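Architecture and fold: a report
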Amino acid sequence: MSKWLTRSHLDTRGVQPPVKKKLEGPLNGNPEEGKKIAMNTGAGNCWACHALPGDAQPGNQGPSLIDFAKRGLSDEEVYQTIYDRRSVNPMTAMPPFGALGTLTDQQVRDIAAYLQSLK
Ligand code: HEC
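Okay, so let's go over this structure. Since the structure is predicted, the reported quantities are computational estimates derived from the model, not experimental observations. (Residues numbered from 1 in each chain as written. Predicted model: local features only at pLDDT ≥ 70, side-chain atom pairs only at ≥ 80, totals over all residues. Heavy atoms only, no water.)

Considering the packing of helix H1 (residues 31-38) against helix H3 (residues 105-116)
- The geometry of H1 relative to H3 is characterised by a closest axis approach of 7 Å and an angle of 100° between their N-to-C directions. As summarised for this structure, H1 and H3 are arranged roughly perpendicular, according to the angle between their axes. Here Pro31, Glu33, Gly34, Lys35, Ile37 and Ala38 of H1 lie close against H3, whose contacting residues are Gln107, Asp110, Ile111, Ala113 and Tyr114. (Axes fitted to C-alpha atoms, helices over the stretch in contact; angles between N-to-C directions. Helix = DSSP H or I, 4+ residues; strand = E, 2+ residues; numbered from the N terminus. Parallel < 35°, antiparallel > 145°, perpendicular 65-115°, else oblique. Contact = heavy atoms within 4.5 Å.)

Given below as structure tokens:
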């Protein structure tokens, strides 16, 4: 079964409550890896909904992340947003990548490091 939650009646996983995960230790993410995961339709697939640098057909469901680092958010805030955006905005349309197990903890760290590098 796909790691993405679906609305199919065959998908019996249900929806778990939002998880606000504490960032343990320093972020230690690899921005190069994070970029690959963000652009991979079988992994982060972030560009389906967000504009990212080098993306010819940017998604526009979510805000542009082109110069994301200018938001000045802490590593922990960015980590938590990718881990489970619902812990920040309960009404979000963004999938809870970490809480759902779509991405590993290290992949969440890599993408967070990538976003923090976008100036
Ligand atoms: C299904 C569409 C969708 C996907 C896929 C998606 N997002 Fe989002 N994301 C959204 C929407 C919609 C919002 C704005 C609503 C909100 O506040 O959550 C958002 C908000 C965000 C924000 C907060 C933006 C800000 O201005 O502070 C970040 C950061 C973010 N997404 C990163 C990511 C990353 C990284 C990925 C890939 C791992 C991703 N998103 C995948 C839809 C998506």
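Let's pick the thread back up.
Overview of the side chain of Gln116
- Relative to the assigned elements, Gln116 resides in helix H3.
- Within the structure, the side chain of Gln116 is placed 3.0 Å from the backbone oxygen of Leu73, a separation counted as a polar contact.
- If we ignore the near neighbours within four places in the chain, the residues touching Gln116 are Phe68, Ala69, Leu73, Ser74, Asp75 and Val78. (Polar contact = N/O pair within 3.5 Å; in protein donor to acceptor, adjacent residues only side chain to side chain.)

Points about the layout of surface pockets
- The computed volume of the largest pocket comes to approximately 540 Å³.
- As for the largest pocket, its lining consists of 27 residues, and the residues nearest its centre are His50, Pro63, Thr81, Arg85 and Met94.
- For the lining of the largest pocket, the elements supplying multiple residues, two or more each, are helix H2 (75-83) and H3.
- Broken down by element, the residue count for the lining of the largest pocket peaks at four residues, all from H2.
- Split by residue class, the lining of the largest pocket holds 16 nonpolar, eight polar and three charged. (1 Å grid on protein atoms, 1.4 Å probe; cavity = no way out; pocket = protein on both sides within 12 Å on 5 of 7 lines; lining within 4 Å. Points joined across faces, edges and corners; volume = space filled by probe spheres on them. Nonpolar A, V, L, I, M, F, W, Y, C, P; charged D, E, K, R; others polar.)

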